[in-house]
Each structure stands twice: as structure tokens, then as C-alpha cells.
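# Secondary and tertiary structure notes
Spelled out from the first residue to the last, the chains are:
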Amino acid sequence: MEMLLSGRGLIISLIFFLLKFSTAIEIPLSVQQVPTIIKQSKVQVAFPFDEYFQIECEAKGNPEPTFTWTKDDKPFNLSDPQIIVSNNSGTFKIPNEGHISHFQGKYRCFASNKLGVAVSEEIEFIVPNVPKFPKEKIEPLEVEEGDAIVLPCNPPKGLPPLHIYWMNIELEHIEQDERVYMSQKGDLYFANVEEKDSRNDYCCFAAFPRLRTIVQKMPMKLTVNSLKHVNDSSSSTEIGSKANSIKQRKPRLLLPPPESGGESSLTILKGETLLLECFAEGLPTPQVDWNKLGGDLPKGRETKENYGKTLKIENVSYRDKGIYRCTANNFLGSATHDFHITVEEPPRWTKKPQSGVYSTGSSGILLCEAEGEPEPTIKWRVNGSPIEKNPFAGDVVSSREISFTNLQPNHTAVYQCEASNAHGTILANANIDVVDVRPLIQTEDEENYATVVGYSAFLYCEFFSSPEAIVSWQKVEEAKPLEGRRYHIYENGTLQINRTTEEDAGSYSCWVENAKGKTAVTANLDIRNATKLRISPKNPRVPRSHTLELRCESTCDSYLKHSLKLSWSKDGEAFEINGTEDGRIIIDGANLTISNVTLEDKGIYSCSAQTALDSVADITQVTILDVPDPPENLHLSERQNRSVRLTWEAGDDHNSNISEYIVEFEGNKEEPGRWEELTRVQGKETTVLLSLAPYVRYQFRVIAVNEVGRSQPSQPSDHHETPPAAPDKNPQNIRVQASQPKEMIIKWEPLKSMEQNGPGLEYRVTWKPQGAPVEWEEETVTNHTLRVMTPTVYAPYDVQVQAVNHLGSGPEPQSVVLYSGEDYPDTAPVIHGVDVINSTLVKVTWSSIPKDRVHGHLKGYQINWWKTKSLLDGRTHPKEVNILRFSGQRSYGMVPSLDAFSEFHLTVLAYNSKGAGPESEPYTFQTPEGVPEQPTFLKVIKVDKDTATLSWGLPKKLNGNLTGYLLQYQIINDTYEVGELNDINITTPSQPSWHLRNLNAATKYKFYLRACTSKGCGKPITEESTTLGEGKYAGLYDDISTQGWFIGLMCAIALLTLILLTVCFVKRNKGGKYSVKEKEDLHPDPEVQSVKDETFGEYSDSDEKPLKGSLRSLNRDMQATESADSLVEYGEGDHGLFNEDGSFIGAYTGSKEKGSVESNGSSTATFPLRA
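Remember, predicted model here, so these are calculated numbers, not experimental data.

## A few points about the pairing of strand E76 (residues 902-912)
Within E76, 10 of the 11 residues are buried, leaving the element largely enclosed by the surrounding structure. Pairing geometry for strand E73 (residues 858-870) and E76, over 11 bridges, is antiparallel. When the bridges of E76 are listed, isoleucine 863 appears paired with valine 908.

Okay, structure coming up:
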């Protein structure tokens, strides 16, 4: 692909240079030469809205040309004060001021110097008049119904194009149809008028778009008298005579006008559009047809417009000349008109004279040929004058050529060839320059060029030489002409080096030599590394709706990186620079991302790299994978009672092989329309023998599966119905539902519709006491439940259930053992004792109840306990029962999460599937003291360079009699190494603070505080703080309370608080209520409410009063130094707490204050330093 693009670049370069070499020789302006007109105006229109009108004429030559003008073939003086003349050219401007109509005419520019005169083509300057309709009084028109009439427009003359419209005074178009027609001249024709044509506001509008002007003719009034409206006094004879005055008539042509006779002639220019129109009056309205005598209308270029009244032929050619006939018909007759069409053409060049540069003594020829109809007349001029007046015109002069032999400098001139006929004039200048000079190299010396390895290099050496010159190239260091097939020198001096290598780099000299001398320039060539490109991944396979990501990895020469441009295309069509507007296709430089790909995204993707010197591309084939198309043409064969063969044809796999087919069926009588999977078939198979159930009206469909996913289901197959049969299976999952004592409610899974095998499905239920030598009791039911009464509670029975339908019974049923209904246990366990393990955990033991007193299946035992009082303060607690269940036959259980130093009562009861039995007698026990919880807070309230004062709050739960605190501290200083831990025992329980001394200055400490009872100390709460440095920071907080400003501030705050409380008290006594409070009552803020609850919980004076909405936690009240007991560890079976109804209650005991969420107790205090 890289070589392909390299070759393409070479071809493009060759075409460019060949075109460059084929152009006429350009004479440098430094060489004397005749004038050449390089720019001139065409037709110029003086639009009234333009500021000025410029007529251009520019020419080059040496000596510099001077300019003169003619207007309508007469000399035109540019000294008119209204004219503004441009410097160094013949261009002049006419300002749009005052009257300029006298400037209208045909201008011609003459550029002359001592060597010759160049003549421009004619430049027409048009000063259009402002078109106006004449002021006139238009008499009303009155006609009878059925008459023909023409409403004339007679638009004013103006600058083409002209557009004519007929409208009413409200600017609504007059409707045109087969009966009403507007001619090309703008007149409105009626083939026959109707009463609805009456109106007093027929207006003709003429629009001149180039002048931005629309003019309106005075409104016309047309009255159509209807013969239906006669006086009531008229006799029937008068009515009949008026009715007969509307007579049907054959067509009569109104266009072309009747005075033109039956035929007319028209000349049309080749390439223009021919418009022919015919309109006839008559009743009924005539129809118009067109044909060409002796030939056919030109297919593809002819159209009939305006209901056939206009024949339009575009791009007329000579073969379109001839006779065209229009025929107007109705059932009474016809009328015809013949158009004789002649096609002519303005002059056009077939051989245009070409300028030439010649050396002295050489030969030359000027050819001038033109075509047109009529045939153009050709005239020669020399320097703008007739050739007859020039003595050095040439050796041979004819109407079509001028030839020269032995050209001399006095032959230098500008020759004009003019071709004209009735439709216009064309003029061409041809320069004859006789020049003898040493070669002039126009390419700059020391030009630098570059190319890449393997590409062609082009070194320029453009020159002008007369006489002709010889060009040679050589490498500077070798000093000999270049030779070999890799080198080619073009006529204009350019050197091409093919298939360059790194050795081609260096400096080259171009030598140009003719009879007058020789000249040279130097060119420098650099060879760069070729650009390389690779797209990844190669030939990806992407599932539909996924994302395609392509990357274009490129390397190029370091000197070319600034010019490197990457572009992406698909199947030869380039992407937009940034992708698509909807963002589905994103191009980010070397990355192309297409989201949600579709099948249309498959194709060949190309990445192209373009630098200033080369281009390269790489491609990748992208395959889009999709789910398969649905299988087709499903066919059933080999139909049997219990099987059928299904065959199908595979759909398009969309580039991913089909791995399997899923065969589905529909036929379930209970769920009609529901499709279920029947079987799966390997992807290479398209037929399968299906096993079927009896008594089903089957319909099948097939789904194809590939690596992308599933296809849509196929169209359903024909129906296949299987005959009924006896059941093949019996119900499963036979069981007893919870029932009353001495009762069995037997239930089972009913057979599905597809398992019933026939009509009349019933269930035969038989039962008897297990192992008893008695007859089976039997009952047949249609539903899937049966209620059976039994003489005893919770007795075992053998039960069988068999499926039966109209065609027979199912297989012999298997017996299952079921028990009759349970009753509540009727006795309570006896508590043997309660062993206190620790302050929060006890072990309860009891005696099991006899099996015959369970009256069912024993599920386990339940312990109920509640706190009666706290041993710390002796306050009693309201009864709040906690429940813990232990599954299975057992005689002990562990009760965790108790409050330390408290008195409890507990009971034990047994439970079965029916429910719980009676409780045992309450058993009273006490828990010992435990360690306290951590203090509620620890703060450093004062710090100095060597001292710190700490303050703390009591623990929420003391769990015993508080004996004091353990205060510890150590140096941390934000490093991994910490200092020695210092202990202070505080033996006064009521002590709320402590003053530490002999600390190090500017040192960070960590403090630990634990509350203690006789059982030990609890979890610590921590705090960190830094002592102050030496000098100016010492005593920062010592005397703040003695400062005057601080005392004043505190007094002001106290006064404001007192005033606010007084106002609130007065307002409340008056029965008022704050609006904010009302809003809070109606819409409480959760965060505010939470803060309030937490505040109340923190300062509650009683652990015994739970707050509304408080949260409970399994391990909230467990002690730090004792095991954190859990239900998982001590309970068996159903690990959890249940209320009396068996539901989980989520807590055991203890305080219920909101906000008692356990924390790590750590915080950090930062103290400001005085700057």
C-alpha cells in the first residue's frame, strides 16, 4: 500500500510538471516586450444601489504600457471630471452621482508602448432606466359568460430578467389553469370566462430582480354577466334566447396572434432555451398538443408546461431546427400554428492565435479560425490598426493565417484577430516578440529542496531564453553532467531524480546556455526518512452495539513531524476531522472510536499519514458481528403420537458461526401464547426428532445462537396435535400444611398442563395409620389439597396420591409418612440453676419436658428474661422482656449482653410448630460488677510550655462503683517512635480534671484516660495536644480571663441572653408561638431532630428510661475486659432473638438512649499560636 501511494504521488507530480511545461513561454518583465492585457471588465451594469462603477483594463509590458479608450468606436477622453482614473493602469471609476446615462455605451481599451498596441474586447456599460408603468385610466371590461378575453399587461422595459405576476390587491396570485393562461409577454388570457372571474382588482406586477424593483399596473375591473341572473319580470322566451347566446364553439388561436397567420418564424441561438407558446379560446376549453414535423421532439430536453400551452426545449442544438406545430382541440374542431425554427450561433474560436517569442531569423505562423451561424467574418489588425496599413505584417497574410520567415525585431507587434457575425464579435490578441538575450534563470540561487527515500525529487531551474538554450545538471562535488536512467531534465529546466537514496543528498548546479551566453544556479537537496504507518488491531471482529477502537501508529522523519497529518477514511470516503456531531464516531488524532457499531460500519478502514514530502496509508478490514437472522421455512415430517421431525433453513449468521439452535414450543393450555424451551440442537444441524407429550396441540419455533447472542424467533411452524393418554407420573412434594390438632391438611404439587396427558384429571388420595393392619381410606379430588380428620394428635400416617384421567391411572404411587396436627406443649421445664459466667453472661440449665407432653415435634426451648433493678443505685426497672430461642432437644443455654451489677428474672418454656407452651416459675439472679465504659469526653482545656490541664466526663455506664481513673500519657511528635508511657492513678472518683506538670516544651503528647471499678479499668479515651514553645508563646492562656476586653465581652453576651429569654417568656405567656417553631413541628428536619435526640440522650439523668426512637445494638453494652458474647457463639439453631410471636426483636437489654453509638473515643485538639 505504501508503494501504491508513492506511485500515485509520482503520477500527480508528473502531471503537474507536464501541464506547467505545456503553457506558453512567459517573458520576464525585465525583457522588452509588447503589451499584454491581463485583466478587463465584461458587461458592466450601473445598478442604482452601487456606490461606483468600475471599468477595468490592466496590462503588462516593457516599456510600461499607456492606456487609451474608445466608446462606441470613437475616442473617449478620461479627463471628464466625473471619472476617477487609477494610476498605472487603464482602469477608471464612474461614481454613482448625478446623471450618468451619457456614459452608457461599448468601450474598448488600448494598451500601448513603443513595441506595440494590445486591444481589449468590447466592454458594454449599461445604465438601466427605472422601469415604470405609465399612468393611465383603465376602462372596466364587461363580458358575457363564455366569452374569451385578454387582459393586457404591457410591462415597462428594464434590465433583464423580467418576471411578471398577476395578483389581486391582497397580493394573492390569480389562479391559472387550462382555461386561464399568462403569456411570455405578460398578458392574461381567458379561453372562456366564468362568473367567478368577475373582480375589480386584476393587477399586473413586473419584477426586475437585478434592479431590486417591482412595479404595479393600475387595477383592472372585469365583470362577467351570467345569463342565470335575469329579471323576475322577464318572460320565458327572453330567458331562452339569452341562454342560447352562450354557444359552444371550436378553438381559435389567440397566441400566436391571429394576424400572424397560420405560421411564424423564430431564430434561436445555440445553447439557449427555446420557448414556444400556443393559447386558443373556445368552448369547451381547448387542449393543446405539440409535435415536430418530420421528426420527434428531443427526448430529455423537452418539457410541456402551463397545462401544455408552452413547449420548452433546453440547450438548443442545430438538430433542433425545423417546423414545430401546436394544435388546439375540442370536440367541435381544431386550430393549428406552425413555428419555423432556425438555430444560429455567435462566433466562437476553433483556432485562437497564440502569442510567441522568436529569435532573429526564425519563422512563425499565426492561425485564426472561428465558427458560427452565419459564418463569421475574420479581420486582422496589427497594433489595433488594419493589417493593410502595416508594412511589416508578414510574408503571407490570409483571412485565416499570417506566416513569417526570417523574423526581425521590427516584426515585434500585437496582432489582433476579430471574428464577427450578426450575433456578436470576438477578438483575440497574439503577441509577436522578437528577442535575443542571454538565458535568464528565474529560479532563486541556493534553493533548498527535500524528499524522502524512494520518492522522486524535483529541482527547479526555470529560465527564459531566446534563442533556445540547452540545460544541463551536475552534482557540485563531481563537476560532470548527470547521466543515467534515474535522471530526467524537462524542457523548462527542472531535474527529476527517481527512486532517491540517501546518497543523492547534496548540492547540484543547473547550467543554461544559448548563442548569447550561459548562466547557472545552485540547488541543495536533503533526503529524509520515509514515513511508516500501521493500523491496529488488524481485521477486528466487533459485535454489534459494541465499541470499535482503531489506532494508527506512525513514525516519520524528525524534520517532518511538524507537518505530519493523520486522516481516516472508510471504503474510500473520508471521515470528518473530529467525527460525527452526535459523538458516535470520535476521531482523536491517531485514534478512531465508533460507539454502538451497526452492520453498516463494516468495511475497509484506512489511515493515511501525510507530511510535507510523502504520504502513506494502511488498511484494516472491520467485520461487524451480529446475532443471526431467524431460521426460515420450518417444516414438520414423520408425525407420530409421541414424536415429530422438525426441519428448517438457517438464516444469515452475520459473520459469526451458529453454535446451536433452541427449539421452543407453544401449546400449554393453561398459558396459551407462552413459549417454552423444548430442546437444543448443534449449530451444524438443521433438523431434529422431537419427543412430545400426549394431549397437546404443539406449535414450534427455532432460535439461532452465535457468539454474539440469540436471533429473533423464527415464524411458527404448522400445528401438530398429539392424542391423549393416561398420566405418566404422580404428584410430587406430598406434605402436611399447618393444621389444627387431630387434623391433616394434605397438599401436593399438581401436575402441570403438559403432564396431565388427557382430559378429566383427578387425584386419588389414600391413607391409613402407619403400620396399622387396616384398610386404606380413599378419596378422589380435583384440586391439590385434602382435609382429613384423625382421632389422635400428632400421629404418623402412610399417605399415597395417584393421578387419574379419563384414559386411566398413573403409575403405582409411593407412600409417604405424614403426621396429624400438633397442639401446644402443656407443661413447663424446671429451671435447675443460673451460673454467672461474668458481669454480662450467664448459663441457664433446665430439665426437658416429657415427649408425650410436647404434643408435636419439639422445635426447642425459649428463655425470657428482664431486668428488675440496678444494684448501683437500687432503682427498679419496668418489665421489658427479652427472648432467646435454642433449637432442638437441649437442657441449657447461654444468655449474653446483660447489664453488669444488676438483678434479673428469667423463665424457660418449650415450643413446637404449633407454638410455645407454659412458662416456668421466674428465677432471680444478679450480675456482678464490671469495668466501666470509657469516659464520655477528654479535653485539654489549658496548655503551657511545660504544663497541661485535662478535663473529662463520667462514663455513660459505670457498671459498678467507680473507684477512680487511670491517666496515661506519652510523647508522639508525629513520628513512628513514641515515648515512654507515664501512669497517674487518680483515686478520687469525683475528680473531673487533672493538671499535669514537668512536660517538655513544644512537644506533642498523647493522653489516655480510663475509668476504673473494683473489677478493673475500662476502655481508654484519647486526646492529643502540643505544649507551647519558649518565650513569647508562654502563658498564652494564663490571664485571658483577667483581661478587660474579655470580661466586657462576656458581660455583653450575658445581657443579650437575658433580654432574649425575657422576650421569649413574655411571648409564651401571651399564648404566642414562633413561626419557626411551627414549621419545625410540621416539618422536622432530620438532622436537627437527630442533634436534639443525641443531646437529650447525652444528658439524660436516668439509664432506666429509654428514649423514643432509640437504637439497640447486640454488642453495645459489652465490657472491654470481658468476652464480647454473641448469639452466634452461645445460641444454637435459630441464632437470634424473637418476640413472643417468634419475630426477631434485635436487642437484649440495657439503656435505650438515642445516640449511644460506640466510638473509638479518639479526638485531636489543636491550639492556636500567637503570631
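So, next bit.
## Observations regarding the state of the cysteines
Throughout this description, disulfide means a covalent bond between two cysteine sulfur atoms. Taken as a whole and assessed by the stated rule, the structure comprises seven disulfides. Across a sulfur-sulfur distance of 2.0 Å, cysteine 57 and cysteine 109 are joined as a disulfide pair. What sets the handedness of the cysteine 57 and cysteine 109 disulfide is the S-S torsion sign, and at about -75 degrees it is left-handed. Of this pair, cysteine 57 sits in strand E4 (residues 57-62) while cysteine 109 sits in strand E9 (residues 105-113), and the two are 52 residues apart along the sequence. Under the relative-accessibility criterion, cysteine 57 is labelled buried at 0%. Among the cysteines around cysteine 203, which has no disulfide bond, cysteine 204 carries the closest sulfur, lying 9.0 Å off.

## Topic: a negative patch on the surface
On the surface, Asp629, Glu632, Glu649 and Asp652 cluster together into a negatively charged patch. Of note, aspartate 629 is situated in the loop between strand E55 (615-625) and strand E56 (632-637). Residue class for aspartate 629 comes out partly exposed when judged on its relative accessible area of 31%.

## What about the packing of aromatic side chains?
Scanning the model with the defined rule gives 26 aromatic pairs in all. Summarising the aromatic geometry, the rings of phenylalanine 904 and phenylalanine 925 are spaced 5.5 Å apart at their centres and angled 15 degrees between planes, so their arrangement reads as stacked. With a gap of 21 residues between them, phenylalanine 904 in strand E76 and phenylalanine 925 in strand E77 (residues 923-926) connect regions that are remote in the sequence. Assessed through its relative accessible area of 0%, phenylalanine 904 is described here as buried. Look at phenylalanine 925 and you get buried, because its relative accessible area is 6%. Sitting above the plane of the tyrosine 52 ring, lysine 93 keeps its charged end 4.3 Å from the centroid. Here the basic side chain of lysine 843 rests over the ring of tyrosine 892, its NZ or CZ set 4.9 Å away from the ring centre.

## With respect to the environment of glutamine 44
For glutamine 44, the position within the fold is in strand E2 (residues 44-45). Sequence spacing of glutamine 44 and glutamate 56 is 12 residues, and the spatial spacing of their C-alpha atoms is 9.9 Å. Excluding residues within four positions of it along the chain, glutamine 44 makes contact with Phe53, Gln54, Glu124, Phe125 and Ile126. Here glutamine 54 takes part through its backbone oxygen, which lies 2.6 Å from a polar atom of the side chain of glutamine 44.

## Details of the sheet that holds strand E57 (residues 643-649)
With antiparallel pairing, three strands are arranged side by side in an open sheet as E56-E57-E60. Single-partner strands in this sheet number two, and they are E56 and strand E60 (687-691). Each adjacent strand pair in this sheet contributes to an overall mean axis angle of 25 degrees, direction not counted. Taken together, the five bridges between E57 and E60 define a ladder with antiparallel strand orientation. Residue pairing in the sheet places leucine 646 in a bridge with valine 688 of E60.

## Re unusual backbone geometry
For the peptide bond that leads from proline 160 to proline 161, omega is 0 degrees, which places it in the cis range. As for its placement among the helices and strands, proline 161 is situated in the loop between strand E13 (149-151) and strand E14 (163-167). In this structure, the amide linkage connecting serine 466 to the following residue, proline 467, adopts the cis form with an omega of 5 degrees. In this fold, proline 467 is placed in the loop between strand E41 (463-466) and strand E42 (470-475). One non-glycine residue, asparagine 596, adopts positive backbone phi at about 50 degrees. Residue position: asparagine 596 is located in the loop between strand E53 (591-594) and strand E54 (603-610). Judged by relative accessible area, which is 43%, asparagine 596 ranks as partly exposed. Of note, serine 897 is a non-glycine position whose phi angle comes to about 60 degrees, a positive value. Among the structural elements, serine 897 can be located in the loop between strand E75 (892-895) and E76. Using a relative accessible area of 7% as the deciding quantity, one classes serine 897 as buried.

Conventions adopted
Residues numbered from 1 in each chain as written. Predicted model: local features only at pLDDT ≥ 70, side-chain atom pairs only at ≥ 80, totals over all residues. Heavy atoms only, no water. Buried < 20%, exposed > 50% of the residue type's maximum accessible area, 1.4 Å probe, protein only. Helix = DSSP H or I, 4+ residues; strand = E, 2+ residues; numbered from the N terminus. Pairing = 2+ DSSP bridges. Disulfide = S-S within 2.5 Å. Patch = residues over 30% accessible without salt bridge, like charges linked within 9 Å, V, L, I, M, F, W, Y side chains within 5 Å. Areas by Shrake-Rupley, 256 points an atom, 1.4 Å probe, with all protein chains shown as cover. Salt bridge = Lys/Arg side-chain N within 4 Å of Asp/Glu carboxyl O. Lys, Arg positive; Asp, Glu negative; His and termini not counted. Charge placed at Lys NZ, Arg CZ, Asp CG, Glu CD. Phe/Tyr/Trp six-rings, centres within 6.5 Å; stacked < 30°, edge-to-face > 60°. Lys NZ or Arg CZ within 6 Å of the ring centre and 35° of its normal. Contact = heavy atoms within 4.5 Å. Polar contact = N/O pair within 3.5 Å; in protein donor to acceptor, adjacent residues only side chain to side chain. Axes fitted to C-alpha atoms, helices over the stretch in contact; angles between N-to-C directions.

Interpretation in functional terms is not warranted from these geometric data alone.
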